[in-house]
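Residue-level listing of the chains:
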Amino acid sequence: MRELLLCAPDYYGIEYEINPWMSRAQGAEIELAKRQWRGLHETLGSLHAKVELVPGQPKLPDMVFTANAGLAVGRKFIPSNFRHEERAREAPFFARCMEEHGYEVLWLAKDLYFEGEGDALFGGDALFCGYKFRSDIQSHRAVGEMLGCLVISVELVDARFYHLDTCFCPLPDGAAVWFPAAFDEYGQRAIRAHVPDLIDVAEEEAKTFCCNAVVLERDIVLPQGAPKLVSELTKRGYRCHQLPMSEFLKAGGACKCLTMFMPQRETP
Ligand code: ARG
């Protein structure tokens, strides 16, 4: 059974703007956000995942996005070094929580920005790592050395898709869902070389954050609004669970951003 880390939206809100989706003027409807989050929590629980919760903290409105807590592989946990000061105070809370769950916490050098599973996803034998808007490419080598795994760094070029998990989603059968235009040409080539079976998402569906999906074997939990992708995944034998995520999209996040695997992989 997969273990997942979530954080209830008790202190959630749009209180600053650190990506193109966020607008303080627009704000999020908190009661609706809580209902949407409970929908995610219940759906993941019903798919036989074990959901662990990290307590949210006042004045840390983005702590709900646990994918950015860090990266867990085996019994090791590498906490994020957030690029933005607004989120940096989350790190010790996540690290303590993972320590309490028995993880060995390995910090990166302070000057290496790294935003955890949001920018680091295993596909096949490689750990794909996104860089530029949040994580630094230099952090990838350090992560690869700590974990002893092959890292493939890919540059993100569209500020709307500022974390890797907003535009890339590996599937258990070796395929992956992606929005190609979010990557530069080299990144596209690297992904094509390592993942021969790619499901392209069109921009209109990518904008609904459909790549931001939690994959649990044959079950895929994703935000609603991407019928073409859902029909392609269904054809391939996946069960799609489409959830309303409007209030989290306003912060630039959806299902996967709200979820971290504990661990993402048993072995690197
Ligand atoms: N507002 C948050 C930020 O800009 C959203 C994080 C989304 N997380 C993710 N894994 N893509 O940092």
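All values derive from a computational prediction rather than experimental measurement. (Residues numbered from 1 in each chain as written. Predicted model: local features only at pLDDT ≥ 70, side-chain atom pairs only at ≥ 80, totals over all residues. Heavy atoms only, no water.)

Colleague: I keep staring at the overall build of the chain and nothing clicks. Help me out?
Modeller: Across its full length, the chain carries eight helices and 15 strands. Whereas a compact globule of 268 residues would reach a radius of gyration of roughly 18 Å, the chain reaches 17 Å, a difference of no more than 12%. With the C-alpha coordinates aligned to their principal axes, the bounding extent of the chain is approximately 45 × 40 × 35 Å. Burial analysis of the chain (268 residues in total) assigns 58% to the buried set. Within the chain, residue pairs in contact and separated by at least 24 positions form 69% of the contacts whose partners lie at least 6 positions apart. As displayed, the chain has an accessible area near 11000 Å², and 50% of this comes from carbon and sulfur atoms. (Helix = DSSP H or I, 4+ residues; strand = E, 2+ residues; numbered from the N terminus. Rg over C-alpha atoms; globule rule 2.2 N^0.38 Å. Buried < 20%, exposed > 50% of the residue type's maximum accessible area, 1.4 Å probe, protein only. Contact = heavy atoms within 4.5 Å. Areas by Shrake-Rupley, 256 points an atom, 1.4 Å probe, with all protein chains shown as cover.)

Colleague: Can you walk me through the site of the ligand in this structure?
Modeller: As a matter of local geometry, the ligand sits amid 17 residues, with R87, R134, H163, D165 and C257 nearest to it. Between the ligand and N68, the relevant distance is 2.9 Å, taken from a nitrogen atom to a side-chain nitrogen or oxygen of the residue. In this structure, a nitrogen atom belonging to the ligand sits 2.8 Å away from a side-chain N or O atom of H163. Within the complex, the protein chains bury 100% of what would otherwise be the 350 Å² of accessible surface of the ligand. Its residues assigned to classes, the shell around the ligand shows seven nonpolar, six polar and four charged. (Near = heavy atom within 4 Å. Polar contact = N/O pair within 3.5 Å; in protein donor to acceptor, adjacent residues only side chain to side chain. Nonpolar A, V, L, I, M, F, W, Y, C, P; charged D, E, K, R; others polar.)

Colleague: What exactly am I supposed to notice about the sheet that holds strand β5 (residues 104-105) here?
Modeller: Remark on secondary structure: sheet strands pair via backbone hydrogen bonds, oriented parallel or antiparallel. Ordered by their spatial adjacency, three strands build an open sheet running β3-β4-β5, and the pairing between neighbours is mixed. Single-partner strands in this sheet number two, and they are β3 (70-73) and β5. Of the pairings in the sheet, the one linking β3 to strand β4 (residues 76-79) comprises four bridges and is antiparallel in character. Across the sheet, V73 pairs through a bridge with K76, a residue of β4. (Pairing = 2+ DSSP bridges.)

Colleague: Where do I start with helix α7 (residues 227-235) in this structure?
Modeller: Structurally, the α-helix is built with 3.6 residues per turn, so residues lying three or four positions apart point the same way. If you check which residues of α7 are buried, you get L229, V230 and L233. Seen along its axis, α7 keeps its buried residues to an arc of 100°; they face one direction. Residues of α7 that are exposed and point over 90 degrees away from its buried face: P227, K228 and K235. On its buried face, α7 sits against β10 (176-178), β11 (198-200), α6 (203-206), β13 (219-223) and β14 (239-243). At the exit of α7 stands G237, carrying a positive phi of roughly 95°. (Arc of directions from axis to C-beta.)

Colleague: Would you explain the environment of M245 in this entry?
Modeller: Take M245: it is sitting in the loop between β14 and α8 (246-249). Along the backbone, M245 and E31 are 214 residues apart, and their C-alpha atoms lie at a distance of 13 Å. Those residues in contact with M245 that lie beyond four places of it in its chain are Q36, L40, P223, A254, C255 and L258.

Geometry only, nothing functional implied.
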